[in-house]
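Each chain, written out:
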Amino acid sequence: MENEEGGCEAKTDGASVLLLIYAARRDIVFLVDESDKAKDAFPSVQRLISNVVDNLDVEGDKVRVSVTKFSEDPRIDFLLNTFTTKDEVKRAIGDLKCKGGRRANTGKALDHVKKNVFNISAGSRAQDNVPQFLVLITASKSSDDVGQAALALKEAGVAPFSIGSGDADDRELQQIALSRSYVFKVNNLRNVETVQQQLRSPLTTLTKTQISQIIQDAPKVVDPAKKDIVFLIDGSSSVGSQQFAHLRDFLISIVRSLDVGPNKVRVGLAQYSNTPKTEFLLKQHMNKGSLQDAIRRIRPGGGSPLNTGRALDFVLKNHFTRSAGSRQHEGAPQYLIVITGDSSRDDTRPYLGILKSSGINVFSVGGRNVDPDELERITTLPYATYKVNNFQDLEGVQDKLILRLLMDDPTLYRPEPPTAALPQKRADIVFLLDGSINIGRQNFPRLTEFVSSVVDAIYVDDGSIQVGVVQYNSDVNDEFFFNAYRSRADVLEAIQNIQFKGGRSLNTGAALRHVKNNHFVKSAGSRIEDGVPQLAFLLIGGKSNDDAVAAARELKAARFKIFTVGMQDADIQEISDIASEQAGVFRVADMNTLSELTEQVLLATTDVIEGELCPKTVDVVKDCGIDVLLGFDVSSVGLENDVFVTQRGFLPKAGNILQRISQLKSMSCTGTMSPKVRVGVTVFDERGQRHVIDLVDYHPGIMAQFSDLRSSGPYVLNTGTFDAYRDTFQSDSSNRVKVIIHFTDGIDDNFSQLKSQAIKLRREGSVHALIIVSLEAPMGFEEVSLLEFGRGFRYRRPLSITQMDLEYELAEELDNIAERVCCDVSCKCAGQVGDRGTQGLRGVKGLLGPKGIMGHPGDEGAPGSRGYPGEKVRSHQNVDVKFEVIKPSTEKLVPVAVQDHLEQVGAGVQKAIEERVDLQELQGLEDHKANLEALESQAEKVQMAFEDQGDLLVLLHLLVQEADKDKMDERVKLEILVKRVKLDQQVHVEKWVRMEELALALLDLKAERSVILGERGPVGPLGQKGEIGDDGTPGKDGIKGNRGQRGPKGERGRSVETCSLVKQIKESCPCCYGSTECPAYPTELAFVIDTSNTKTANQLNQNKNAILNIVRNLTIVESNCPKGARVAVLTYNSGIVTEIRFSSARNKRDLITQIENLQFVPSRKESSIADAMSFAARNTFKRVRSGFLIRKVAIFFSDGQTKPKELNDAITKLANENIISVYLSPREDNVLTRALQRNDAGLSQFFVFRNDNATLSKVMACHVCLDFCDPNAICDARFFRSKRSTKPTDTDLDVAFIMESSETISPNQFVEIKRYISYVTDHLEISTEPLTSNHKARIAVVQHALYDSQKNNRLERVKVDLSLTDYNSSTYIREYIHNRMTQLEGTRATAHAVEWTIKNIFEKAVQPRQLKLIVLITTGNLPEAERERLAAVVTEAKCKGFFFVIFNVVKKSIENNLIYLASAPQDVYFRPINDFSELHNEELLRFGRQLPKYINGNFAVTHSLPLFNQNERDKNG
């Protein structure tokens, strides 16, 4: 029988159904997820597609097949018209490769397929009525929106089928599929072949007509978040720029409350005057930020007259269309908001019929000049017309309009019943200003400014408010009366013109009586006889000299209201007694903060004008019960991780809050009874489960239950959260006040839906108040705070967990809410916060603390400069010597006679040589005053420091002779010696300075002699030759010579042996004296305890005792001395908790106390030691002390049942951080032991520990207390090897360094890269027979890309500096890299270089190694196209068994970096570097040394073998 597609139906039995060959014409496109989540199941997907194709009659004119894969971006493998036979299609399906990717953008892929596959050029036959099918196969929730793309596919006549695994989103699959019947779910995509039979039937039976009918009959599902809103605003000349600014602010406030997005709320805007103009369309701005920026840029167009009718027609034709971005065809509600300041000049009625029939919800907002009937005619909704005096008052309609826009159905809105009209607000107000020195002339302008701000806010030109002012000190001065001014401007000008009066005394009582008798009277303009409130504002800065309180009683008895504002030295008790009520008392300690009182004064003033300041309540005693539900959401943690880790201050703060709010005081209607408060907790996790702590009276045990919630998260704030609150309250139907206090880090759902839920809670009356408190670093808290209700209006402000007094703030909020609900008191006057009290008495001095240990000796200070001597005049017998200070560079005290010469020499004289004349020694010659020869003998000893001895002796003799003269106004001048001095001026002056010091000492001695020396006698005969004297001491160092020429570079010296360096440190370190301590070196020690379901309480207690035994025998850090241990304690099961941090304990006693207080409780969760190891490497040892001797040790107490999953990665991370790991288990653990044996890079050891002292002692001796320079004989030698071992690693490995050598790299940076490659090579055992042997390592170096390769395709884009078989020695390799390897300075071609290296270096090499390593060195951020190609090349290479290490040198990282291309663990093998110099940091040097060991043997095979074997299986069919 022939069907409408021209095929034939065949009758067949069940056994042959899979072999049915169907001849109908079909176009079938398979859209396959190839992201990381689907990668493992990709072979199963290939088999499903192949089997489906096998059961179809695939030919060019019958069934056509196409395949497209997608992750972040879609990739078409072959089109509908690419192949014409079944064998070609099946072969292409078998050749499909999985690229991988972190995200799956399904919406983008659907749109791509519609535009590029389902068209005539790609082979689609939709125009021939051939049914079009799309089969989506995915394992992921889409990272983008799928709704628009899915709808477009169906509108094009395509029948989508959805196949998804457990991780795919059910709602998305249904949204994409033709109908719910064509959604197929499997638990795991590996089982996708099970849907083959279900898929075959619709693919072979559905006709084009049936598909169209299903699409037509499908119900239109409208997302309530979708709304299209167009603003039509008045931009005419009558508005003006100032009013237009208020209009802009109004629009921005509206947009801030909307959930703007491409599939949520869209906003368009047009302005008009005589002609309309589009500012932006609905489709132009798809996020809130750009939309608000666009509104800020709008300026009024001007023009007149105002043609509103023409503008309405314009927006209907140009904005509410599909091309402009309107989604009315999808069922999205359409809104038009018309804001106009004047009546229209044209007739709007011709356009109203079209407007009302269009289905658009029209709101209208008009100014005072607008015709109200015209506004009503434009509006299409009830209660949607708003009238304001001017655009400055638009804020008053903002909340009402937002409420209507957020409603799912705006037609259901009903306003609250109107209240009776209130009487006009009227008042007569007198301000009494302190004009004495208490305020002062300087501060008086601040006082008048404050009065002006109050008057400006409350004054109305209609005469309802009257103002008078007096200024007083000892007497009163009337500034102006009530009837003096009738406009706001005149009153404000009069206040500003008030001049300071001055005066010392202050008679406040007299001023109050003066106001009563002279201002609050009819002749002054008072309306007291009409019952208008009479208010007196007293602004005072000191204590009154008369009885002000008695005068105030007279005014209050006459029903006058008195407010007091105290400043400066005002008496608090006095101003409190003067005021009518305590709510009318205000106080500031500083005049600069006076303006902060404006709002409070205005509120109090308004209350008095409207009625009572604090309403009186009837003394009726009621019972009042309050139920408080505390909830929170922390969504920034992983599944079942500790939710309090990111919010560390939340848990203790929550305890304080629960305790404080349970202690509320009595209220106005409860008499002496306090309200009965019950507290509970409700949270909602992302799995949709509710966690509840029932409402009970507060007790300390509730916090233990609260703490247990830490591991059940993450918790979210969505519509389910509000449902959970409602259910908790509905379970208790008692008539109590119900309040929710929710702590949030940001919403996790659609804002408009959350707002609707909050409004629903409020209207149902099931909750009286919702209070939102932000946690640390909240996301979008401005939006979240809009969900609040029930807090009142007066003192509303955002609450945050960081507030110091948050618990008291919340208690006050609860008190106000309870007063309103229980006592019918709409406001409660709490008064303002009082001044800070006086400082309390000093406490008793504490006991003397223990003596601190010796600190480090400080560095030796530099020698200080010699100071100026004080002015000194010596008066001796017949001797008068004068001195004055001059400033050559020597800065010495010099006699007057020498000054001229020193000025000639100049101020550039260097410091004198260090040897100085010992004045103390000279002064010791006083016993030899009479013997000048002894004095000269001493001078001969001194002169040894000088080269020219004759000058010194002559000078000494001359000085002595000059000192004998009766009249001596100045000393001998230096010119006497100039002719005899042979040295240069600088040395000469230095000698003079020292000789001058000697001369001063000689003068002291000479002046006190009783014998005046005569002139020198003739030279005597030569004496006998003396005996040879003893050998003299070596002479002083000569003057430093000039710097010599640079010598040739010497050979590289040997580094200091680690233990030799340790010995030097111990010999010079004051902290290292005394007996040997444990640990021998500064140590960071972490204990990690398994608390999973396999552990018992007794085992955990034994682990705790073992930790205490170790810690009690350690030296614990108690100062900054580089010695001792710091200790951390962690617990783990499937999650990790840090119990004690390295920095937690102040001393050893404190640490032991903290450990003893730990309670290790077995959990119900499974153990994951790999996660614990990774956490310790990444987090626990992140902040440790620095220094090359610092040792990092982690001791793991495991359960002995380790699973191999990700274990090798975790061990690598520990080794990479240079952490020694010790594993203690009560039983043998073969999995862990084998993993440790395979990994030779790190220092790890496993012990069977059954709470025995022998094992514990070995752990102490060989790990915790190990001195690798003096090890214990029982320890394994590898644990005390040299810190920087130079022995090369023997590994069968082929390594290729692919380095970018473009012109962006400087020559110095190129040298740094070469040095690092050479360093890594030095630590490899290079094969001596690279052509014939398959053992040991071989090195290749490749650069990219040659400069002319982009222009000339015949040139290869890479340059091979070293091939794997070029050299057989690391020495030769190093010599070539350093001396012969040159930089290309061309372009870069990273992906091509990797692909070329694999094909031409590795695959063509003889004797290939099983382990193949590519070290990729790149700079900067790759373009997207290049990055995609590189990802494809690297993924394919990994499938072939290649191992990738990536060094990415980039100063500013971006989201799309290359980390995902590195081998696992990626955080070890991907190395981001800010600068090339970092290549020689110790961390990267250690990584280079250990790299061969990381990937050696079975450890490397663990990473690459599964992919390698899979690839081989694919090749073999």
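Placed above this text is the structure.
Residues numbered from 1 in each chain as written. Predicted model: local features only at pLDDT ≥ 70, side-chain atom pairs only at ≥ 80, totals over all residues. Heavy atoms only, no water.

Student: I tried to follow the packing of aromatic side chains on my own but got confused; where do I start?
Tutor: For any pair of aromatic rings, the description consists of the separation of the ring centres together with the inter-plane angle of the planes. Evaluation of the coordinates by the stated rule reveals 27 aromatic pairs. Geometrically, the ring pair formed by F133 and F161 is tilted, given 5.6 Å between the ring centres and 55° between the ring planes. Taken together, the residues span a long stretch of sequence, with F133 in strand β4 (residues 132–138) and F161 in strand β5 (residues 158–164) at a distance of 28 residues. One exposure class covers both F133 and F161, and it is buried. Every member of this aromatic cluster is reached through a ring pair, and the members are F632, F644, F650, F706, Y715 and F743. Here the basic side chain of R1471 rests over the ring of F1487, its NZ or CZ set 4.3 Å away from the ring centre. (Phe/Tyr/Trp six-rings, centres within 6.5 Å; stacked < 30°, edge-to-face > 60°. Helix = DSSP H or I, 4+ residues; strand = E, 2+ residues; numbered from the N terminus. Buried < 20%, exposed > 50% of the residue type's maximum accessible area, 1.4 Å probe, protein only. Lys NZ or Arg CZ within 6 Å of the ring centre and 35° of its normal.)

Student: Just checking my understanding: could you explain the state of the cysteines for this structure?
Tutor: By definition, a disulfide is the covalent link that joins the sulfur atoms of two cysteine residues. Per the stated rule, a full pass over the model turns up 4 disulfides. Here C624 engages in a disulfide with C822; their sulfurs sit 2.0 Å apart. Torsion about the S-S bond of the C624 and C822 cystine: about 70°, corresponding to right-handed handedness. Placement of the pair is C624 in the loop between α20 (598–610) and β19 (625–633) and C822 in helix α26 (residues 806–823), with a sequence separation of 198 residues. Using a relative accessible area of 6% as the deciding quantity, one classes C624 as buried. (Disulfide = S-S within 2.5 Å.)

Student: Explain the pattern of salt bridges to me, please; I cannot follow it from the model alone.
Tutor: Pairing between side chains of opposite charge can happen when their charged atoms approach one another. As enumerated under the stated definition, the model contains 55 salt bridges in all. A salt bridge links K115 to D111, with the nearest nitrogen and oxygen atoms 3.1 Å apart. A residue pair is termed a helical-turn pair when its members lie 3 or 4 positions apart in one helix, as K115 and D111 do in helix α4 (residues 106–116) at 4 residues. Here K115 falls in the exposed class, since its relative accessible area comes to 53%. Across the pair E1084 and R1126 runs a salt bridge, and its minimum N-O distance is 2.6 Å. Residue E1084 is found in strand β29 (residues 1083–1090), and its partner R1126 is found in strand β30 (residues 1125–1132); the two are separated by 42 residues along the sequence. Salt bridges linked by common partners bring D627, R678 and R736 together as one network. (Salt bridge = Lys/Arg side-chain N within 4 Å of Asp/Glu carboxyl O.)

Student: Got a minute to help me understand the sheet that holds strand β11 (residues 360–369) in this structure?
Tutor: In a beta sheet, neighbouring strands pair by backbone hydrogen bonds and run either parallel or antiparallel. With mixed pairing, the 6 strands of this open sheet are ordered in space as β9-β8-β7-β10-β11-β12. The sheet is open, and its two edges are formed by β9 (276–280) and β12 (385–387), each paired on a single side. The sheet shows a mean angle of 20° between the axes of neighbouring strands, direction not considered. (Pairing = 2+ DSSP bridges. Axes fitted to C-alpha atoms, helices over the stretch in contact; angles between N-to-C directions.)

Student: Which parts of the structure should I look at to understand unusual backbone geometry?
Tutor: Glycine aside, a negative phi is what most residues show, and trans is what most peptide bonds show. The step from C1078 to P1079 runs through a cis peptide bond, and the omega angle for that step is 5°. Mapped onto the elements, P1079 comes out in the loop between α33 (1058–1068) and β29. Put simply, A1464 and P1465 share a cis peptide bond, and its omega is -5°. Considering the arrangement of structural elements, one finds P1465 in the loop between β39 (1442–1449) and α44 (1466–1469). The backbone phi angle of N129 is positive, close to 65°, even though this residue is not glycine. Inspection of the secondary structure puts N129 in the loop between α4 and β4. A positive phi angle is found at Y383, which is not glycine, with a value near 55°. Here Y383 lies in the loop between α13 (372–378) and β12.

Student: How do you make sense of the pairing of strand β31 (residues 1136–1140) when you look at a structure like this?
Tutor: Within a regular strand, the side chains alternate between the two sheet faces. The pairing of β30 with β31 spans 4 bridges and is classified as antiparallel. Its bridge partner lying in β31, L1130 is registered against T1138. Between β30 and β31, which pair antiparallel and follow one another directly, the connecting turn spans 3 residues.

Student: Is there a simple way to explain helix α21 (residues 650–661) in this structure?
Tutor: Along an α-helix, residues three or four positions apart point the same way, because every turn accommodates 3.6 residues. Helix length check: α21 (12 residues) gives 16 Å between terminal C-alpha atoms against 16 Å at 1.5 Å per residue, within 8%. Turning to α21, its buried residues are F650, L651, K653, A654, G655, I657, L658 and I661. Lining the buried residues of α21 we find β19, β20 (676–684), α22 (702–707), β22 (737–746), β23 (769–779) and α26. (Expected span 1.5 Å × (residues − 1). Contact = heavy atoms within 4.5 Å.)

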